[in-house]
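A look at the structure
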Amino acid sequence: EVQLQQSGPELVKPGASMKISCKASGYSFTGYTMNWVKQSHGKNLEWIGLINPYNGGTSYNQKFKGKATLTVDKSSSTAYMELLSLTSEDSAVYYCARNYVNYFDYWGQGTTLTVSS
Amino acid sequence: DIQMTQSPASLSVSVGETVTITCRASENIYSNLAWYQQKQGKSPQLLVYAATNLADGVPSRFSGSGSGTQYSLKINSLQSEDFGSYYCQHFWGTPFTFGSGTKLEIK
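These remarks concern the structure in this document. (Residues numbered from 1 in each chain as written. Chains lettered and ligands numbered in written order. Predicted model: local features only at pLDDT ≥ 70, side-chain atom pairs only at ≥ 80, totals over all residues. Heavy atoms only, no water.)

**Details of the environment of Tyr106(A)**
Residue and element names in this part refer to chain A. Filter applied, for reference: Secondary structure elements are defined from DSSP: runs of H or I of at least 4 residues count as helices, runs of E of at least 2 residues count as strands, and each element is numbered from the N terminus. Burial classification: accessible surface area is computed with a 1.4 Å probe over protein chains only, and a residue below 20% of its type maximum counts as buried, one above 50% as exposed, and the rest as partly exposed.
Relative to the elements of secondary structure, Tyr-106 occurs in strand S10 (residues 103-107). Since its relative accessible area comes to 35%, Tyr-106 is described here as partly exposed. Separated by 82 residues in sequence, Tyr-106 and Ala-24 have C-alpha atoms that sit 10 Å apart.

This is the structure we're talking about:
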């Protein structure tokens, strides 16, 4: 069974950085790109970017360049997204999602990030 | 970047009714379109891919159609479990933009 297990909720201070993890199981990790999606206020979905676990290649939404950094650890089948210089605008739920051809077939459960002093 | 314009933003409907949600792309996306359903507090779930193909386990009352820049998701005979939010997403090059969503509520 394919599963994407994300790390737990985070409360961080403005200006800090943090990293969310997404542990994949039930499939060949290097065979599918991993995407990250932001959902603010329970509404709009925004595609942040993707990473190819096979070779580490990335593609970012221009809006999130400099804000998000995507990496993987193939040895543990885990994808990571680091968010930098956090502000209240970064408070949201973040999802990882597996990309199969032209759709996202599996999603993580979401990680809630709250940025507050 | 390709923009996805989704409508309506919300719908108030009764069980048993039929609804249609539409997405218009800012350029031809050659049927590289997916539809997702999201329940409150849950992750989005795939309903339709490649504009017209139902994902595994999706009831046949759901159907997708369209081509070029215009796409639709139709739900026949709405059931109580169909209420929630719906999003389209294109896959014709990055960024893989989502529509702004349609919230389906019980009348």
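**Digging into the interface of chain B and chain A**
What counts is decided by this rule: A contact between two residues is defined here by any heavy atoms of the two lying within 4.5 Å. Accessible area, probed at 1.4 Å, shrinks when two parts are joined; the buried area is that loss added up over both. Salt bridges are identified by distance alone: a Lys or Arg side-chain nitrogen within 4 Å of an Asp or Glu carboxyl oxygen. What qualifies as a polar contact is a pair of N or O atoms within 3.5 Å, subject to a donor-acceptor requirement within protein and to the restriction that residues adjacent in sequence count only when both atoms come from side chains. Asp, Glu, Lys and Arg are counted as charged, while Ala, Val, Leu, Ile, Met, Phe, Trp, Tyr, Cys and Pro are counted as nonpolar; the rest, among them Gly, fall into the polar class.
Counting residues at the interface gives 18 residues for chain B and 22 residues for chain A. Here chain B and chain A share an interface that buries about 1500 Å² over both sides, 62% of which is from carbon and sulfur atoms. When the buried area of chain B at its contact with chain A is split by residue, Pro44(B), Phe96(B) and Phe98(B) rank highest and sum to 30% of it. In this assembly, chain B and chain A are joined by zero salt bridges. Scanning the region where chain B abuts chain A turns up nine residue pairs in polar contact (both at pLDDT 80 or more). The greatest single-element share of the side of chain B that touches chain A, amounting to three residues, is contributed by strand S4 (residues 33-38) of chain B. Class assignment for the residues of the side of chain B that touches chain A results in eleven nonpolar, six polar and one charged.

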